[in-house]
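So the chains spell out like this:
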Amino acid sequence: MSKFRRTAGVLAAATALSLGLAVPAFAHVTINPGTAEQGGFTKVAFRVPNERDDASTTKIEVSFPVDHPLAFVSVKPVPGWEVKVTEGKLPKPVKTEYGELTEAVTKVVWSGGEIKPGQFQEFEVSMGQLPTDTTQLLFPTSQTYSGGEVVQWDDEPKSDGSEAEKPAPLLKLTPASADGHHGSGSASASASAAPSATGAVPSVTPVAAAAGSSDGTARLLGGAGLVVGLIGVVIGFMGLRRRSA
């Protein structure tokens, strides 16, 4: 009986240890989708699960890379949450196709909302232009709970490929596709609409001019039709007069 108890105790301890190691793998903050094309624009969501049974998540703070800064960052409103985007001076200027970048978004903070136990929330961000000289971007994130606890998700990936204890959200960058398009259609549209860092205005298809041209053509065709109709009426009237005579 004593031997049986010792064996059961060892098994219970091993099970508890396994569960303790497995929980963080499912509960950490992630970025979705986890990949994007180099040189393009993309839209991602920072997915934040609440991993506490007795507290709610009340604040999320995401740090953006300054060694590979992003010229354009915009956030999607989340009902019930306030968002603050912070820009700062870069350690050194970075050259981009839009010009030299000296300042960029360094931090985005969501607060005032609540992620209750057993729930998760996604915070969407559109960003670009993604760098072409690196294969990954890290976004260290802090998660604040209603009880005052702050969890830092800022560990870098391990060299052996295993997962860190508190990994930072990681966006892997892949080479641009052969057709030259970067990211999804919506991301490409965002890139076309984004102003350049040098103040140049991007080209925009002259939709209004095209509409005016089509409208003029329609008016011309309508006028020609009206003339043809009047000629027909005159011919018909003359025919009736001849029959009466």
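Up top is the structure these notes are about.
All values reported here derive from a predicted model rather than from experimental measurement.

Trainee: Looking at this model, I keep getting lost on the pattern of salt bridges. Mind explaining?
Mentor: In a structure, side chains of opposite charge can pair up when their charged atoms sit close to one another. Throughout the structure, instances matching the rule amount to 6 salt bridges. With its nearest N and O atoms 3.2 Å apart, the salt bridge here joins Glu51 to Arg52. In this structure, the salt-bridge partner of Arg52 is Glu149, at a minimum N-O distance of 2.6 Å. Taken together, the positions of Arg52 in the loop between β3 (42-49) and β4 (57-63) and Glu149 in the loop between β10 (141-145) and β11 (150-153) put the pair 97 residues apart, joining distant regions of the chain. Residue Glu149 is classed as partly exposed on the basis of its relative accessible area of 34%. Each of Glu51, Arg52 and Glu149 takes part in salt bridges that share partners, so that together they form one network.

Trainee: Any chance you could explain the pairing of strand β12 (residues 170-174) here in plain terms?
Mentor: Regular strands have side chains that alternate between both faces of the sheet. With burial as the criterion, only one face of β12 is covered, namely that bearing Leu171 and Leu173; the residues Leu170, Lys172 and Thr174 on the opposite face remain uncovered. As paired elements, strand β2 (residues 35-37) and β12 share 3 bridges and run parallel to each other. Looking at the pairing, Glu37 lines up with Thr174 of β12. Alignment of strand β9 (residues 136-138) against β12, held across 3 bridges, turns out to be antiparallel. The residue bridging Leu138 from the neighbouring strand is Leu170, located in β12.

Trainee: What am I meant to see in the packing of aromatic side chains here?
Mentor: For any pair of aromatic rings, the description consists of the separation of the ring centres together with the inter-plane angle of the planes. Summed over the entire model, instances satisfying the criterion amount to 6 aromatic pairs. Residues Phe41 and Phe72 carry aromatic rings whose centres are separated by 5.8 Å and whose planes lie at 25 degrees to one another, so their mutual orientation is stacked. With Phe41 in the loop between β2 and β3 and Phe72 in strand β5 (residues 72-75), the pair connects residues that are 31 residues apart, well separated along the chain. Judged by its relative accessible area of 6%, Phe41 falls in the buried class. Residues Trp110 and Phe123 carry aromatic rings whose centres are separated by 4.9 Å and whose planes lie at 40 degrees to one another, so their mutual orientation is tilted.

Trainee: It is not clear to me how the sheet that holds strand β8 (residues 120-128) should be interpreted in this structure. Could you clarify?
Mentor: The strands making up a sheet are joined through hydrogen bonds of the backbone, oriented either antiparallel or parallel. Spatial ordering of the open sheet is given by β1-β3-β8-β5, a layout of 4 strands whose pairing is antiparallel. The open sheet has two free edges, formed respectively by β1 (30-32) and β5, since each of these has just one partner strand. The average angle at which neighbouring strand axes cross in this sheet is 30 degrees, direction not considered. Bridge count between β5 and β8: 4 bridges; the pairing is antiparallel. Within β8, the residue paired with Val73 across the bridge is Met127.

About the cut-offs
Residues numbered from 1 in each chain as written. Predicted model: local features only at pLDDT ≥ 70, side-chain atom pairs only at ≥ 80, totals over all residues. Heavy atoms only, no water. Salt bridge = Lys/Arg side-chain N within 4 Å of Asp/Glu carboxyl O. Helix = DSSP H or I, 4+ residues; strand = E, 2+ residues; numbered from the N terminus. Buried < 20%, exposed > 50% of the residue type's maximum accessible area, 1.4 Å probe, protein only. Pairing = 2+ DSSP bridges. Phe/Tyr/Trp six-rings, centres within 6.5 Å; stacked < 30°, edge-to-face > 60°. Axes fitted to C-alpha atoms, helices over the stretch in contact; angles between N-to-C directions.

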